[in-house]
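Topology and contacts: notes
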Amino acid sequence: MEELTIAMPKGRIFEEAYELLAQAGYQLPKELDDSRKLIVEAPDERIRFILAKPMDVPVYVEHGVADLGIAGKDVLLEHDRSVHELLDLGISRCYIASAGLPGTKLDDVTPRVATKYPTVASHFYRSQGEQVEIIELNGSIELAPMIGLAERIVDIVSTGKTLQENGLVEYEKIVDITSRLIANPVSYRLKQDRINLLVSRLRKQVSE
Ligand code: PRP
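Values in this document were obtained by computation on a predicted structure and should not be read as measured data.

Next up on the list: the sheet that holds strand β8 (residues 133-136). The 5 strands lie next to each other as β8-β7-β9-β6-β10, forming an open sheet whose pairing is mixed. This sheet does not close on itself; its edge strands, each paired only once, are β8 and β10 (169-177). Direction aside, neighbouring strands of the sheet carry axes that sit 25 degrees apart on average.

The next subject is the site of the ligand. Surrounding the ligand, one finds 13 residues, the nearest of these being Lys116, Asp155, Thr159, Gly160 and Thr162. Within the backbone of Gly160, an N or O atom sits 2.7 Å from an oxygen atom of the ligand. Elements with a minimum of two residues in the shell around the ligand: β9 (152-157) and α7 (161-165). In terms of residue count, the dominant contributor to the shell around the ligand is β9 (3 residues). Classifying every residue of the shell around the ligand gives 2 nonpolar, 6 polar and 5 charged.

Relative to the helices and strands, Ser92 resides in the loop between β5 (84-88) and β6 (94-100). On the accessibility criterion, Ser92 (13% relative accessible area) is buried. Setting aside anything within four residues of it in sequence, one finds Ser92 in contact with Ile13, Glu16, Ile177, Thr178 and Ser179.

The next point concerns the sheet that holds strand β2 (residues 39-42). Taken in spatial order, the 6 strands line up as β2-β3-β1-β4-β11-β5 in an open sheet, and their pairing is mixed. Bordering the open sheet on either side are β2 and β5, each of which pairs with just one other strand. With strand direction ignored, the average angle separating the axes of adjacent strands in the sheet is 25 degrees. As paired elements, strand β1 (residues 4-9) and strand β4 (residues 68-72) share 2 bridges and run parallel to each other. Its bridge partner being in β4, Ala7 is matched across the sheet by Gly69. Strands in contact with helix α1 (residues 12-23) are β1, β3 (47-52), β4 and β11 (179-183); relative to β1, the strand with the most contacts, it is inclined by about 140 degrees. Relative to the sheet, helix α9 (residues 192-207) contacts β1, β3, β4, β5 and β11, its axis offset from that of β5 by approximately 30 degrees.

With that settled, consider unusual backbone geometry. Even without a glycine there, the phi angle at Arg46 is positive, about 55 degrees. Within the fold, Arg46 resides in the loop between β2 and β3. For Ser140, which is not a glycine, the phi torsion comes out positive at approximately 45 degrees. Residue position: Ser140 is located in the loop between β8 and α6 (143-146). Judged by its relative accessible area of 54%, Ser140 falls in the exposed class.

What counts and what doesn't
Residues numbered from 1 in each chain as written. Predicted model: local features only at pLDDT ≥ 70, side-chain atom pairs only at ≥ 80, totals over all residues. Heavy atoms only, no water. Pairing = 2+ DSSP bridges. Helix = DSSP H or I, 4+ residues; strand = E, 2+ residues; numbered from the N terminus. Axes fitted to C-alpha atoms, helices over the stretch in contact; angles between N-to-C directions. Near = heavy atom within 4 Å. Polar contact = N/O pair within 3.5 Å; in protein donor to acceptor, adjacent residues only side chain to side chain. Nonpolar A, V, L, I, M, F, W, Y, C, P; charged D, E, K, R; others polar. Buried < 20%, exposed > 50% of the residue type's maximum accessible area, 1.4 Å probe, protein only. Contact = heavy atoms within 4.5 Å.

None of the figures reported here should be taken as evidence of function without further support.
So, in structure tokens, the structure goes:
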């Protein structure tokens, strides 16, 4: 049996992805759950996990150092990578939305939009016929309207708590997001049987 390398996101997607693989019958090492190790072996399964930042998962898969990866659709929409999307895992459900201070309208002069998703945000405003200036940030996006950096943000909404606690309101829902199983195209060809088995075991869990 050939070894499979799977890039897993650290952070909030991790727990749900770990749970899904365990439910699909994979014997996962406990240390994957609670250590700071970045590479973890599951020798019984001949699987090696790489623990990466969510945005970096498709990079490892595109370059073929990981055969498979678990990536949010947000990340896949933002950067066009040469990877196959094999399965919607239905986990880590959330959406991308625009938000801002209550009762504010977009300026006639070019409004500013702060986001971690410049591609998604520019496509969205272009499709609305709005010309905006995109300001790219790496996190704590909700700060931008509060301190006058931007009139709108485009960001992930999960529970809506972050918006609420910072006195912001949602304006437009842009796209629904879930996590996807992705594959390197060459790995998929070379390790098709193993990968298809994993896909069918996961699909069974997802549809239950
Ligand atoms: C994400 C997102 C929002 C928040 C939404 O941030 O950017 O800030 O979660 O979740 P909620 O609707 O449940 O409040 P994350 O925690 O990933 O950190 P970041 O600010 O560093 O992007």
